[in-house]
Each structure stands twice: as C-alpha cells, then as structure tokens.
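Residues per chain, in single letters:
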Amino acid sequence: IGPFVSSVMDVRSGCERVCSVAEHVRLNLDGIKSVAEEICVKLLEKRFSLHNWSGHELHPSSPCDADVDWIFVIDTLNFSFWADENAQYSINYKDREWTGYWSLVAVINRAIDEGIDMRDPNVYSKLSLEEFQHIFRSSNEHSVPMLPTRHKVLTDAGNILVEKFGGTFRTCVEKAKHSAQDLISIVVDNFPCFNDKAKYKTGDEEEQEVWILKRVQILVADLWGCYKGEGWGDFADIDTITMFADYRVPQSLVFLGMMEYDDFLLKLLSSGVLLENGSKEEVEIRACSVWCVELLMQETVKLLQTKKKEALVGVVCNSIILDFYLWDMAKDRKDEMDHIPIHHTRSIFY
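Residues numbered from 1 in each chain as written. Predicted model: local features only at pLDDT ≥ 70, side-chain atom pairs only at ≥ 80, totals over all residues. Heavy atoms only, no water.

### A look at the environment of glutamine 181
Okay, so step 1: Structurally, glutamine 181 can be placed in helix H10 (residues 180-190).
Okay, so step 2: Residue classification places glutamine 181 among the buried residues on the basis of a relative accessible area of 13%.
Okay, so step 3: Placed 25 residues apart in sequence, glutamine 181 and aspartate 156 show a C-alpha to C-alpha distance of 23 Å.
Okay, so step 4: Engagement of the side chain of glutamine 181 in a polar contact is seen with the side chain of threonine 240, the distance being 3.0 Å. (Helix = DSSP H or I, 4+ residues; strand = E, 2+ residues; numbered from the N terminus. Buried < 20%, exposed > 50% of the residue type's maximum accessible area, 1.4 Å probe, protein only. Polar contact = N/O pair within 3.5 Å; in protein donor to acceptor, adjacent residues only side chain to side chain.)

### With respect to the pairing of strand E2 (residues 90-93)
Okay, so step 1: As defined by bridge partners, E2 adjoins strand E3 (residues 96-99) across 4 bridges and the pair is classed as antiparallel. Each bridged residue has a counterpart across the sheet, and for serine 90 the counterpart in E3 is threonine 99.
Okay, so step 2: The loop that links E2 with its antiparallel partner E3 comprises 2 residues; one of these, lysine 94, has a positive phi angle of about 55 degrees. (Pairing = 2+ DSSP bridges.)

### So, the state of the cysteines
Okay, so step 1: This model, assessed by the stated rule, comprises 0 disulfides.
Okay, so step 2: Cysteine cysteine 288 remains unbridged, with the sulfur of cysteine 19 as its closest cysteine sulfur at 3.6 Å.
Okay, so step 3: Look at cysteine 288 and you get buried, because its relative accessible area is 0%. (Disulfide = S-S within 2.5 Å.)

### What to know about the pattern of salt bridges
Okay, so step 1: Within this structure, the stated rule accounts for 16 salt bridges.
Okay, so step 2: Of the charged contacts in the structure, one is a salt bridge between arginine 96 and glutamate 57, with a shortest N-O distance of 2.6 Å. Of this pair, arginine 96 sits in strand E3 while glutamate 57 sits in the loop between helix H3 (52-55) and helix H4 (67-76), and the two are 39 residues apart along the sequence.
Okay, so step 3: The partner of aspartate 156 in a salt bridge is lysine 152, with the nearest N and O atoms 2.6 Å apart. Of this pair, aspartate 156 and lysine 152 both sit in helix H8 (residues 147-164), 4 residues apart, roughly one helical turn.
Okay, so step 4: When salt bridges with common partners are traced through the structure, they connect Lys197, Lys199 and Glu209 into a single cluster. (Salt bridge = Lys/Arg side-chain N within 4 Å of Asp/Glu carboxyl O.)

### Looking at the environment of isoleucine 32
Okay, so step 1: Considering the arrangement of structural elements, one finds isoleucine 32 in helix H2 (residues 29-44).
Okay, so step 2: As for isoleucine 32 and glutamine 298, which are separated by 266 residues in sequence, their C-alpha atoms are 9.9 Å apart.
Okay, so step 3: In this view, isoleucine 32 contacts Leu27, Met258, Cys292, Leu295, Leu296 and Glu299; residues no more than four positions away in its chain are not counted. (Contact = heavy atoms within 4.5 Å.)

### Focus on the side chain of serine 289
Okay, so step 1: Tracing the backbone shows serine 289 in helix H14 (residues 280-304).
Okay, so step 2: Residue classification places serine 289 among the buried residues on the basis of a relative accessible area of 0%.
Okay, so step 3: What serine 289 contacts, discounting residues up to four positions off in sequence, is Met243, Pro250, Leu253 and Met259.

### A closer look at the packing of H10 against helix H11 (residues 214-226)
Okay, so step 1: Close contact between H10 and H11 brings their axes to 10 Å; oriented N to C, the two are set at 130 degrees. By the angle between their axes, H10 is oblique relative to H11. When the axes of H10 and H11 are compared, the crossing they make is right-handed. Of the residues in H11, those in contact with Ala180, Leu183, Ile184, Val187 and Val188 of H10 are Val216, Gln217, Leu219, Val220 and Leu223.
Okay, so step 2: Residue classes in the contact of H10 with H11 are distributed as 9 nonpolar, 1 polar and no charged. (Axes fitted to C-alpha atoms, helices over the stretch in contact; angles between N-to-C directions. Parallel < 35°, antiparallel > 145°, perpendicular 65-115°, else oblique. Left-handed = near helix turned anticlockwise from the far one by under 90°. Nonpolar A, V, L, I, M, F, W, Y, C, P; charged D, E, K, R; others polar.)

### Thoughts on the packing of aromatic side chains
Okay, so step 1: For the structure on display, the rule yields 10 aromatic pairs.
Okay, so step 2: Between phenylalanine 72 and phenylalanine 169 the ring centres are 4.6 Å apart and the planes differ by 25 degrees, which places this aromatic pair in the stacked class. One end of the pair, phenylalanine 72, is in helix H4; the other, phenylalanine 169, is in the loop between H8 and helix H9 (170-176), and 97 residues separate them in sequence. The same class applies to phenylalanine 72 and to phenylalanine 169, which are both buried.
Okay, so step 3: It is arginine 150 that lies over the ring of phenylalanine 79; its NZ or CZ is 4.4 Å from the centre.
Okay, so step 4: The lysine or arginine in question, arginine 346, covers the ring of tryptophan 82, its NZ or CZ lying 3.6 Å from the ring centre. (Phe/Tyr/Trp six-rings, centres within 6.5 Å; stacked < 30°, edge-to-face > 60°. Lys NZ or Arg CZ within 6 Å of the ring centre and 35° of its normal.)

### A word on the side chain of arginine 110
Okay, so step 1: Its place among the elements puts arginine 110 in helix H5 (residues 100-113).
Okay, so step 2: Although arginine 110 is buried, it makes no salt bridge; glutamate 114 carries the closest opposite charge, 4.5 Å away.
Okay, so step 3: Contacts of arginine 110, omitting those with residues within four sequence positions, involve Ile91, Asn92, Tyr93, His134, Ile135, Phe136 and Arg137. (Lys, Arg positive; Asp, Glu negative; His and termini not counted.)

### Digging into the nonpolar core
Okay, so step 1: Phe136, Phe169, Leu183 and Phe191 are the most contacted members of the largest nonpolar core, which totals 126 residues.
Okay, so step 2: Considering every element that reaches this core, the biggest residue donor is H14, with 12 residues.
Okay, so step 3: With sequence-adjacent residues up to four places away left out, phenylalanine 191 is seen in contact with Phe72, Ala157, Ile160, Leu161, Phe165 and Cys172. (Core = buried A, V, L, I, M, F, W, Y, C linked by side-chain atoms within 4.5 Å.)

### Let's talk about the packing of H2 against H14
Okay, so step 1: Packing of H2 against H14 leaves a shortest axis separation of 8 Å and a crossing angle of 55 degrees. With respect to their mutual orientation, H2 and H14 come out oblique. Crossing hand, H2 versus H14: right-handed. In contact with Leu29, Ile32, Lys33, Val35, Ala36, Glu37, Ile39, Cys40, Leu43 and Leu44 of H2, H14 contributes Cys292, Leu295, Leu296, Glu299, Thr300, Leu303 and Leu304.
Okay, so step 2: Tallied by class, residues from the contact of H2 with H14 come to 13 nonpolar, 1 polar and 3 charged.

Here is the structure:
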C-alpha cells in the first residue's frame, strides 16, 4: 500500500481498544442485540438497502463518470454543518430550503446549474474566496461555518488533483484497482485534509494513535453507493469500511439504547461546551461509536445467517449500510432525539 501503513482494520482495533477502557462512554450489549433484531427485519423486507443512497433527490440517480469528481468535492467539504444557536445556515434550491449536509449538496448542484463546473479541479482550484463565498450564499443572514477553511481545503485538493493526478479523482480510483483500502491509502497520503486521527492515553500507558478516518471512508462508501457496487464503485474489500464517526450517529446510538454516556459527559454536552478535536471525551464518543456499529453489524449478520437463502437475495449488511440507516434515522427523528445532546466540535474531519 506504500508509506501509509495504517488501514481500516486499524480503525477497528484502535476504536475497540479505546472502547474497552473508556471512562465516560459505555456500550449496552443488550441494546445492540435488540436493535440488530429490528434492523434484520428491515433489511429482509428491503425497507433499507444500498439503493437508498441514489434515492435521495439531490444525489445522482443515473451517475456518469464525472460524478466520481462530484463525490470527491462533496466529501472534501463534508464537515462541520452543525449550527451555532439560532444561526442555521440554509440555502434555497429547487423551491426548497436545505440545511446541514444537504445544503452542501444543494450548493454544489446549484453552482453546476449556474455554469460553474464544480466537478473540475481546474475550475474550483482557481476560485477566489469571494467567488467561493458567492457559491455558498445562503437564503438567510447566516454563513456556512468555516467558510475560509472550506475554501482553502477545496482549492488545495483541486491543485493536488491537477498537479499529481491529471486533473481528476478518477485517476486515484483507477490506481486503487478496486481496493477500498488502497484508495484510502492514496487519499490520506496525498490529501492532508482527510488525515483524521487522534491520540488517546489511559493511565500509565503511552499515548497511542487512534485512526478514525471519517471522511475518507465515507468517500469510498459514497462511490460504492452511487455506482451501486459496480464500475467506479466496485471495491472487493468494501466490507472493511467502518461507520463514519460524526456527531449525529452517536446521538442515534444513545437514543436507541446501544450506547450510554456517564453523568459527567451528559452534563458537559448539555452545557453546549465546544469539545476540542482530539480531546479525551471527543475521542471516546467517536471511537465507541465505531465499535458499537461494528458489534451491531456482527449481531445483524448472525441473525441474517439463520434465514433461508432465498430471503437473503439482494440483502447487503455491512457497517456502511448501518451507518446510512442510523444517519437517516437521526435526521428523520430529530425532534424525538432532541433531549439527547450531540457533541460540538469544529473540525475539518467531520
């Protein structure tokens, strides 16, 4: 794989290690088994599958080659959309208001509609901050969080694609030769904004690196979802990808009774305090979320293996599918979950 010796398996083992000694977060195995039973039913009834990705109205429904670069831009900018109090960034597109992640997708689609080809790094690498600000103009008085940082992240990534990869992310995917692991390696080696890791120390142990790799893993997963596991989305090792540790899915895990915060952490999060990226509490929330979804996946697969073969036709269960399900649920049932605090961190990594 080259000089980047870590892999997604290290995400799993590192997160399991943190989870085993975490001070403020614990997993509820009974809760995990109960949710696995619910998800097993939904998968068998085809109520949730890989096809849900392209079912979202702003995602490409009939993807072409250029959508590989569309996905790269989306996932290069896919971070930190939570709103400061009463300051929700929103954009109007196709007669609807869009917030959060969907505001990003709507922004990129709107720019393309207006003749700015945001799939072409020769175009977006040259955008001035003022031009970028216009592209991200909102339908209210609130700006997208971290606008100057987003501009730098995207223009830097575009310049790297132009200088090293012939001006297209498709070159990176081709070099990976249908390996999710190798694509992750290529991206992390060449694009620093995807290098999502932390240090974690317990007791007298030495500080150890914990790889989380949220955005690079979702980049691979989005290719898989967009192209339905074929062509540009064909990865032989796709099941090695873990969930994508953000701020919404942990809330779902707590809401569903699979993960629990101690009183100290609940009080801290309820106060609205900003957690530093890499702080002990933040690393525990993210790492335990990864390991929780791994256990959920294992339990769900066990249940599916007891079913008749004909019932399993077209059923796919891996950590990506479960993350997609949990993230959608967090958005759909947001009002029900409002009593569970999310953690707030301003970071380019999620």
